[in-house]
Amino acid sequence: MKLTLKIWRQENSNASGKFQTYQVSDVSPDMSFLEMIDVLNEKLIVKNEDPIAFDHDCREGICGMCSMVINGRPHGPLKGVTTCQLHMRSFKEGDTIVIEPWRANSFPVLKDLIVDRTAFDRVIASGGYISVNTGNAQDANNIPISKIDADEAFGSASCIGCGACVAACPNGSAMLFVSAKVNQLSKLPQGQPERNVRVLDMVAQMDKEGFGFCSNTGACEADCPKEISLTNIAALNRDYLKASLMDQ
Amino acid sequence: MNWFSKFLTSSIGQKVIMSITGLFLILFLVIHLIGNLQLLKNDGGESFNIYAAFMAHNPLIKVVSITLYASILLHAIQGILITLKNKGARKQKYLVSNTQTTSFASRQMALLGTLIFVFICIHMGDFWYKMKFTDELPLQKYATHTEYVKDLYSRVYIAFQQLWIVVVYVISMVVLTFHLLHGFQSAFQTLGLNHRKYTPVIKAIGTVFAILVPLAFALIPVLMYFN
Ligand code: HEM
Ligand code: SF4
Ligand code: FES
């Protein structure tokens, strides 16, 4: 395949970036999107040019590192797929593809397509955990948990923290991520003791990071590679309301 | 009270204010529509004028009205503030903007709302202001009612003989339809009222409401124009 790529190039977080156009040929339809960029980068390196900086790690859809807005869609056009699992067969010969970094004030660009997502880490550090004493792990199935609760908690826990929800949201809101990280614990008995403080602190940190508010547009759900649902956001709203009223 | 101000200034709390004031405005729309449909009665405005006089003098209605004015202002101001905050959360825009996954209404709530606000101002200036603060309206005496009442009906009738006013009303109701197509179900989601069984029902009721209620409102000037 022959493709034209319009890629955002930015030296560092202080520099002002711009789009640069590249032609790539000998792209196989079986390549992943990241492999296609690898091919381009090899050529750039041979020509002594700066390769395109992008985040990636597992390349199998589980780490959440890969982060590119492809033709306006975070992780590209397919539903429930990360950029690393997107293949070039989803594009046509001769296509022009525009590749941009996640854009949100809370995710400043570090270089080219790499953004700083530590705002998410700070939200997790503010309460996205349970406090347990160390010691031997207790027996599995010691605490009975209903299948429905276990499934819902697992569904929320499948969020890989990629930030596509923020990138997709017209308001740059982090509600889908935060709601998944609150719900994965609030559905389980282990999450109950710190339930109120957790939701209050995590929402406070989310607000402090400068993310926008949720307008229930559904853009996040549509582009989330793990198909985290909007019901998580409703549950977060409910939990936050309850915690504000009930917490001592 | 520290928790309360914390709640109201949080992102979720500010959306809860939007949702509660929005739902109150939705409730008001229903009451307002039922009252106004009397304009279409063929009685020369008698029942509408007596109803309008009752609404203007009943003390309980006065309390509700003040709550309503406050809700409109709070909803509008809060809506604008939230929108400014949201627009500011992404200073560097995308080259390719994505409009495939969201509805027009959900993206343009502030624009739609501002148009509704302008309409409310025109509308209240035309009828509410003249009814409450001027003696422009002629008095009428009806056999069924002991006191003289202001003839608001004839004022409405005169207004709706002018084509441009009818057009403004009809367009405003289309705008309201779009605001409610997103707003109705969004308000429930904001309050955390999302449920596998009931959310599809809420969405369906919201869609029907968003179309039927503004349509019924729009019919009033249209029918009066052609009568
Ligand atoms: C009859 C008049 C109105 C009704 C019935 C109404 C109803 C609603 C409802 C139910 C919502 C959803 C709240 C939520 O998402 O939780 C909403 C949202 C909104 N309204 Fe209104 N509204 C009206 C007038 C206005 C006016 C005058 C403005 C003025 C600017 C406005 C601006 C907004 C905005 C910006 C939102 C979206 C907030 C967000 O999602 O971030 N609305 N409205
Ligand atoms: S909710 Fe979805 S889009 Fe958002 S961080 Fe988690 S996996 Fe990524
Ligand atoms: S590189 Fe790990 S999810 Fe894409």
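About the thresholds
- Residues numbered from 1 in each chain as written.
- Chains lettered and ligands numbered in written order.
- Predicted model: local features only at pLDDT ≥ 70, side-chain atom pairs only at ≥ 80, totals over all residues.
- Heavy atoms only, no water.
- Helix = DSSP H or I, 4+ residues; strand = E, 2+ residues; numbered from the N terminus.
- Buried < 20%, exposed > 50% of the residue type's maximum accessible area, 1.4 Å probe, protein only.
- Contact = heavy atoms within 4.5 Å.
- Areas by Shrake-Rupley, 256 points an atom, 1.4 Å probe, with all protein chains shown as cover.
- Lys, Arg positive; Asp, Glu negative; His and termini not counted.
- Charge placed at Lys NZ, Arg CZ, Asp CG, Glu CD.
- Near = heavy atom within 4 Å.
- Polar contact = N/O pair within 3.5 Å; in protein donor to acceptor, adjacent residues only side chain to side chain.
- Nonpolar A, V, L, I, M, F, W, Y, C, P; charged D, E, K, R; others polar.
- Buried area = accessible area lost by both parts, 1.4 Å probe.
- Salt bridge = Lys/Arg side-chain N within 4 Å of Asp/Glu carboxyl O.
- Patch = residues over 30% accessible without salt bridge, like charges linked within 9 Å, V, L, I, M, F, W, Y side chains within 5 Å.
- Domains from an automatic or database assignment.
- pLDDT = per-residue confidence, 0-100.
- Expected span 1.5 Å × (residues − 1).
- Donors = N, O, S within 2.8 Å, 3.2 Å for Na, K, Ca; no water.
- Tetrahedral: all angles 85-135°; square planar, octahedral: opposite > 155°, others 65-115°.
- 1 Å grid on protein atoms, 1.4 Å probe; cavity = no way out; pocket = protein on both sides within 12 Å on 5 of 7 lines; lining within 4 Å.
- Sits in = over half its atoms within 2 Å of the grid points.
- Pairing = 2+ DSSP bridges.
- Axes fitted to C-alpha atoms, helices over the stretch in contact; angles between N-to-C directions.
- Phe/Tyr/Trp six-rings, centres within 6.5 Å; stacked < 30°, edge-to-face > 60°.

Helix and strand content of chain A: 8 helices and 7 strands. With the C-alpha coordinates aligned to their principal axes, the bounding extent of chain A is approximately 60 × 35 × 35 Å. Looking at chain A residue by residue over its 248 residues, the buried ones come to 52%. Contacts in chain A between residues far apart in sequence, at least 24 positions, make up 68% of those at least 6 positions apart. Total accessible area on chain A stands at roughly 11,200 Å², and carbon and sulfur atoms take up 51% of it. Between the centroid of the 24 positive side chains of chain A and the centroid of its 30 negative side chains there is a distance of 4 Å.

Attention shifts here to the site of ligand 1. By nearness alone, 25 residues border ligand 1, and A:Ser215, B:His75, B:His179, B:Ser186 and B:Thr190 come closest of all. Ligand 1 sits at a junction of chains, with neighbouring residues supplied by chains A and B. Contact distances for ligand 1 include 2.9 Å between an oxygen atom and a side-chain N or O atom of B:Lys15. Side-chain polar atom of B:Ser186 to an oxygen atom of ligand 1: 2.5 Å apart, as the coordinates give it. Among the elements of the structure, α2 (11-36), α4 (59-88), α6 (109-133) and α8 (163-190) of chain B are those that each provide at least two residues to the shell around ligand 1. For the shell around ligand 1, a count of residues per class yields 12 nonpolar, 12 polar and 1 charged.

A few words now on the interface of chain B and chain A. Tallying the contact residues gives 35 residues for chain B and 48 residues for chain A. Summed over both partners, the interface of chain B with chain A comes to about 3,400 Å²; 55% of that surface belongs to carbon and sulfur atoms. For chain B, the biggest contributors to the area lost against chain A are B:Ile12, B:Arg90 and B:Tyr94; these three give 18% of the whole. Linking chain B to chain A there are 1 salt bridge.

What follows deals with a nonpolar patch on the surface. Residue and element names in this part refer to chain B. Taken together, Leu37, Leu40, Phe104, Val174, Phe178, Leu181, Val208, Ile211, Leu212, Leu215, Leu219 and Leu223 make up a surface patch of nonpolar side chains, about 990 Å² in accessible area. Counting residues per element, the ones that place at least two in the nonpolar patch are α8 and α9 (199-226). Here Phe178 is to be found in helix α8. For Phe178, a relative accessible area of 34% gives the class partly exposed.

Before going further, it helps to examine the domain arrangement of chain A. All names here are of chain A. Each assigned domain of chain A is listed with its residue range as follows: domain 1 (3-110) and domain 2 (117-247). In this structure, domain 1 and domain 2 have C-alpha centres spaced 29 Å apart. If you look at the interface, domain 1 gives 20 residues, while domain 2 gives 21 residues. For domain 1, the biggest contributors to the area lost against domain 2 are Pro74, Ser106 and Phe107; these three give 35% of the whole. Its salt-bridge partner being Arg73, residue Asp223 comes within 2.8 Å of it at the nearest N-O pair. Between the two partners, domain 1 and domain 2, sit 7 residue pairs in polar contact (both at pLDDT 80 or more).

Across chain B, the average pLDDT comes to 95, with 100% of residues at 70 or higher. Two numbers describe this predicted complex: its pTM, 0.95, and its ipTM, 0.94.

This part takes up helix α3 (residues 46-57) of chain B. Structurally, the α-helix is built with 3.6 residues per turn, so residues lying three or four positions apart point the same way. All names here are of chain B. Given a rise of 1.5 Å per residue, 12 residues ought to cover 16 Å, and the 17 Å separating the end C-alpha atoms of α3 matches this to within 8%. Taken as a whole, α3 has its buried residues at Ser47, Phe48, Asn49, Ile50, Tyr51, Ala52, Ala53 and Ala56. The elements touched by buried residues of α3 are α2, α4, α6, β2 (149-150) and α7 (152-159).

The next thing to look at is the coordination of the iron atom of ligand 1. All names here are of chain B. Each protein donor to the iron atom of ligand 1 is listed here as His75 (NE2) and His179 (NE2); together their distances run 2.0 Å. One way to put it: the 6 donor atoms around the iron atom of ligand 1 meet at angles of 87 to 179°, and that makes the site octahedral. Placement of His75 in helix α4 and of His179 in helix α8 is noted, with a sequence separation of 104 residues between them.

Before going further, it helps to spend a moment on the site of ligand 2. All names here are of chain A. Around ligand 2 there are 13 residues in total, and Cys159, Cys162, Gly163, Cys165 and Cys224 lie nearest to it. Of all the cavities here, the one that holds ligand 2 is the second largest cavity. Every element with two or more residues in the shell around ligand 2 is listed here: α4 (164-168) and α5 (175-186). Partitioning the shell around ligand 2 into residue classes produces 11 nonpolar, 2 polar and no charged.

Residue and element names in this part refer to chain A. Spatially, 5 strands are ordered β2-β1-β5-β3-β4 in an open sheet, and the strand pairing comes out mixed. Since the sheet does not close on itself, it has two edges, and those belong to β2 (18-24) and β4 (73-74), each with one partner. As paired elements, strand β3 (residues 69-70) and strand β5 (residues 96-100) share 2 bridges and run antiparallel to each other. Its bridge partner being in β5, Ile70 is matched across the sheet by Ile99. The strands that helix α1 (residues 33-46) touches are β1 (3-9), β2, β3 and β5; relative to β2, the one it contacts most, it runs at about 90°.

Another point: the side chain of A:Arg73. Tracing the chain through its elements places A:Arg73 in strand β4. If sequence neighbours within four positions are ignored, A:Arg73 has contacts with A:Met68, A:Ala222, A:Asp223, B:Asn98, B:Gln100 and B:Thr101.

Residues and elements named next belong to chain A. Across the 5 residues of β5, 4 count as buried, placing the element largely inside the fold. Sheet topology places β1 next to β5; 4 bridges connect them, and they run parallel. Of the residues in β5, the one forming a bridge with Thr4 is Thr96.

Residues and elements named next belong to chain A. All chains considered together, the criterion is met by 20 aromatic pairs over all chains. Their ring planes at 75° and their centres at 5.1 Å tell us that Trp8 and Phe19 sit as a pair that is edge-to-face. With Trp8 in strand β1 and Phe19 in strand β2, the pair connects residues that are 11 residues apart, well separated along the chain. A relative accessible area of 5% places Trp8 in the buried class.

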